Amino acid sequence: MQIKPSPKNHNGLLKYIFSYIKYKFESLFTYGLIFIIPLLIIITIFITLLFSIIYYYTETSEHYEDALWATFTRVLDPCAAAEDEGLKHRIISGIVILCGLVIIAILIGAIVTFMDEKLNELKKGHTTVVEKNHTVILGWSLKIFDILNELIIANESQRNPSIVILTRKDRTEIQYMIKNKITNLKNTRIIYRNGDPMSINDLNKLSLNQSRSIIILTSETNPNPDIQIIKTVLAIRNNPRRTNIHFHIVAEIKQRIYLEAAMIAGGDETLFVYTDEIIARIIAQSCRQSGLTIILATLLSFENDEIYFKYENKLVGKTFYDALFSYRKCSVIGLMFSDGTVKLCPQLDTIININDQIIVIAEDDDKIILSPDHLRQHHPTNFLSQQILERTVKTIERNLILGWNSRAALIAKELDTYVAHGSELHILINSKKIIDFITKELTNELKEQKIFIYFGSLTNKYDLEKFNFFSYRYIIILANEDDNIIEEVDAECLICLLYLQNILDKSNQKKTFSIITEMIDIRNRQLVNTICADDFIVSPNLLSKYLSQLSENRNIKKVYDILLTAGGPEIYLCLASIFVPLGISISYYQIVQEILKYHCLPIGYRLMKYSHDETRSFGIVLNPDKQQNIIFSQNDKIIILVDNSMSSVPIEGNIKYKFPNTQSQTKRSVF
């Protein structure tokens with residue numbers, strides 16, 4: 001029996017074929033102009049050929065070429081039919097014109113849609129970057145504004161410099177925020193891209209293989225940003241499209257437990273900055289040396305004199321002592337040997353070899369110029385201090401920490417390296433969870449200090465009045481940024497300072513202790529200057545400058561690792577009266593000669609009459625001209641670099657005095 005297809009099955013087949021053709025046609029339309037323009041060209045050719053034949057056979061045109069041209073012009077220009085005569089001719093022209101209008105309308109609509117999509121894509125920052133020798137910043141945090149400011153200054157001597165930012169934030173939003181914070185980009189172009197720093201596809205849009213350096217920032221909203229940092233580093237280094245380039249990556253790490261895994265992931269291409277440890281070291285050292293934070297902020301900024309490395313062929317075979325006097329406007333502080341080892345304050349008779357680099361503080365790299373008389377022999381000056389001082393051992397101290405944050409435990413450990421056994425550390429906090437951590441863990445990790453805990457708030461005057469502040473040597477006020485917004489954090493520190501100032505005023509006693517305050521927003525620094533704080537540490541600003549320096553020269557990390565580690569070479573501010581006579585004009589060249597006798601290197605001085613004047617850098621002058629004459633007054637200080645393992649220099653606050661015969665002189669010795 002033969003089965004005939006039913007009309008129902010036949011209709012279903014036609015419906016399927018129609019749906020399939022429609023689907024394919026719509027799929028082709030998704031290609032945009034790539035499909036639409038060729039389609040419109042084909043339709044235009046078809047209409048032109050069809051109606052040119054109609055024109056020709058209706059005897060509207062005598063020659064087919066004329067009919068073809070007449071049809072084509074009417075498709076593109078309706079005015080071409082203005083002089084047509086006869087009803088038949090006008091009807092044909094009207095149909096051609098309508099077809100042409102439809103084609104033109106579709107073409108214009110497709111172009112407008114394409115341009116709109118492209119503009120939206122550009123606004124969202126999804127296009128590929130084609131740059132060379134640019135700096136790439138991955139991620140977003142408030143430190144990005146200070147980093148951009150520093151990089152803009154560093155790029156002034158570069159040709160056509162650019163910075164590329166990749167973040168998940170909306171491009172329009174970050175562009176507005178940066179323009180609002182940074183008004184002068186100078187010669188630097190900032191390129192914004194939207195995407196995931198952990199995505200290889202998004203990273204491929206940044207021309208990483210041609211970049212000069214890559215900075216990876218930790219997210220301030222992610223509770224565990226270090227995992228994202230590690231994954232981003234892996235995405236950069238294991239990208240299938242990477243070339244043989246050796247990447248220069250600088251990244252933040254918030255928790256030490258991830259540091260080892262991060263270093264494995266980053267290899268020798270990545271410098272990781274354990275941010276909390278850096279700030280903890282700076283705070284601990286600032287307790288010992290008032291003004292240190294200003295010195296570090298100055299050295300870390302591209303706007304001021306900074307640290308450079310330079311090969312100096314003319315000094316090969318000379319001693320480090322010769323190098324010290326070879327530059328008029330640079331301060332030599334050390335050497336980087338051919339194996340990459342950095343030595344600050346090396347022995348004066350150290351020979352400079354062919355691949356060694358001089359480490360100097362200079363205004364700019366093009367200012368590192370040998371003096372014309374750099375080969376001349378130098379001899380010590382006759383200026384000698386009347387007091388010869390010897391450093392004593394560590395002393396027992398009582399210090400106070402007001403507040404708590406993620407760096408507090410590290411600060412306590414750093415302080416432990418500077419004090420003698422039997423010292424006390426008093427802490428005021430308002431969290432029972434933190435108290436449990438201190439009693440169970442931190443107490444067991446401190447060898448020299450005994451911890452005393454007080455429950456209370458740094459913004460409660462009643463809690464503050466319980467302390468006898470004059471029994472402490474250093475008071476550290478910490479910004480609790482863990483749960484609060486920046487303005488609230490800084491406001492708490494300012495309120496605490498106001499209460500301390502009020503307590504001091506009511507006591508009618510001279511302040512015998514130093515106050516070190518941590519701030520988050522650098523704009524609040526001026527408010528701190530008007531209160532009783534001796535030093536302030538704007539931690540995000542310092543970290544931003546440090547990351548910027550590392551992105552330009554990876555060897556900078558070796559220098560600051562040494563400077564910020566207890567027991568090695570450190571920066572000190574010593575009374576000028578220890579080294580030179582007061583009230584007498586003396587050249588900086590003579591100061592250098594005099595201080596060398598104490599096995600240390602001068603890098604500047606501080607005039608205390610400007611200690612509260614921000615426009616004069618709080619009285620601090622780094623890397624002065626050696627021919628400059630200076631008159632020191634009482635309490636003025638000389639900034640020196642001291643190797644604690646070798647130097648016999650007196651350190652203020654930790655010295656004992658000896659008064660030898662005034663005729664005795666100190667002979668120049670080597671480190």
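Just so you know, these numbers come straight off a predicted model, no measurement behind them. (Residues numbered from 1 in each chain as written. Predicted model: local features only at pLDDT ≥ 70, side-chain atom pairs only at ≥ 80, totals over all residues. Heavy atoms only, no water.)

This part covers the sheet that holds strand β5 (residues 249–253). The strand order across the open sheet built from 6 strands is β3-β2-β1-β4-β5-β6, with neighbouring strands paired in parallel fashion. Of all the strands in the sheet, just β3 (189–194) and β6 (270–274) have a single pairing partner and so form its edges. Each strand of the sheet is rotated relative to its neighbour by a mean of 20°, with strand direction disregarded. (Pairing = 2+ DSSP bridges. Helix = DSSP H or I, 4+ residues; strand = E, 2+ residues; numbered from the N terminus. Axes fitted to C-alpha atoms, helices over the stretch in contact; angles between N-to-C directions.)

What follows deals with helix α9 (residues 259–266). The set of residues buried in α9 consists of L259, A262, A265 and G266. Down the axis of α9, the sector holding all buried residues measures 120°, keeping them to one side. Opposite the buried face of α9, at more than 90 degrees from it, the exposed residues are E260 and I264. Considering only its buried residues, α9 is in contact with α8 (225–237), β5 and β6. The positive-phi residue at the C-terminal boundary of α9 is G267, with phi of around 60°. (Buried < 20%, exposed > 50% of the residue type's maximum accessible area, 1.4 Å probe, protein only. Arc of directions from axis to C-beta. Contact = heavy atoms within 4.5 Å.)

Within the fold, S539 resides in helix α18 (residues 539–552). A residue is classified by how much of its surface remains accessible, and S539, at 3% relative accessible area, is buried. In terms of polar contacts, S539 uses its side chain to reach the side chain of E518, at 3.2 Å. Beyond its immediate chain neighbours, meaning those up to four positions away, S539 contacts I279, R407, E518, M519 and I520. (Polar contact = N/O pair within 3.5 Å; in protein donor to acceptor, adjacent residues only side chain to side chain.)

Moving on, we get to the nonpolar core. What tends to happen in soluble globular proteins is that the nonpolar side chains get buried as a cluster. In terms of nonpolar packing, the biggest core is built from 151 residues, with I137, L402, I571 and F632 touching the most fellow members. Residue contributions to this core peak at 8 residues, all from helix α16 (residues 486–507). One finds L208, A251, L259 and A262 within the second-largest nonpolar core, a separate group that totals 24 residues. (Core = buried A, V, L, I, M, F, W, Y, C linked by side-chain atoms within 4.5 Å.)

Along any regular strand the residues' side chains alternate between the sheet's two faces. For strand β2 (residues 162–167), the tally of buried residues reaches 6 of 6 residues, placing the bulk of the element in the interior. Side chains S162, V164 and L166 project from β2 onto one buried face, and the interleaved I163, I165 and T167 project onto a second face that is buried too. Summarising the sheet, strand β1 (residues 135–138) and β2 pair through 4 bridges and their orientation is parallel. Pairing of L138 across the sheet is with L166, part of β2. Once you follow β1 into helix α5 (residues 144–154) and on to β2, the crossover reads as right-handed. On the question of chirality, the crossover connecting β2 to the parallel β3 by way of helix α6 (residues 171–181) is right-handed. (Right-handed = clockwise from strand over helix to strand, strands pointing away.)

This part covers the packing of aromatic side chains. Under the criterion given, the structure shown has 12 aromatic pairs. Plain terms: the ring middles of Y454 and F467 are 4.9 Å apart, the flat faces sit at 70° to each other, and that makes the pair edge-to-face. In this pair, Y454 is assigned in strand β14 (residues 449–455) and F467 in the loop between α15 (461–464) and β15 (474–477), connecting sequence segments 13 residues apart. Measuring from centroid to centroid gives 5.8 Å for Y605 and F632, while their planes differ by 90°, and the two rings are edge-to-face. (Phe/Tyr/Trp six-rings, centres within 6.5 Å; stacked < 30°, edge-to-face > 60°.)

Geometric descriptors of this kind do not, in isolation, establish any biological role.
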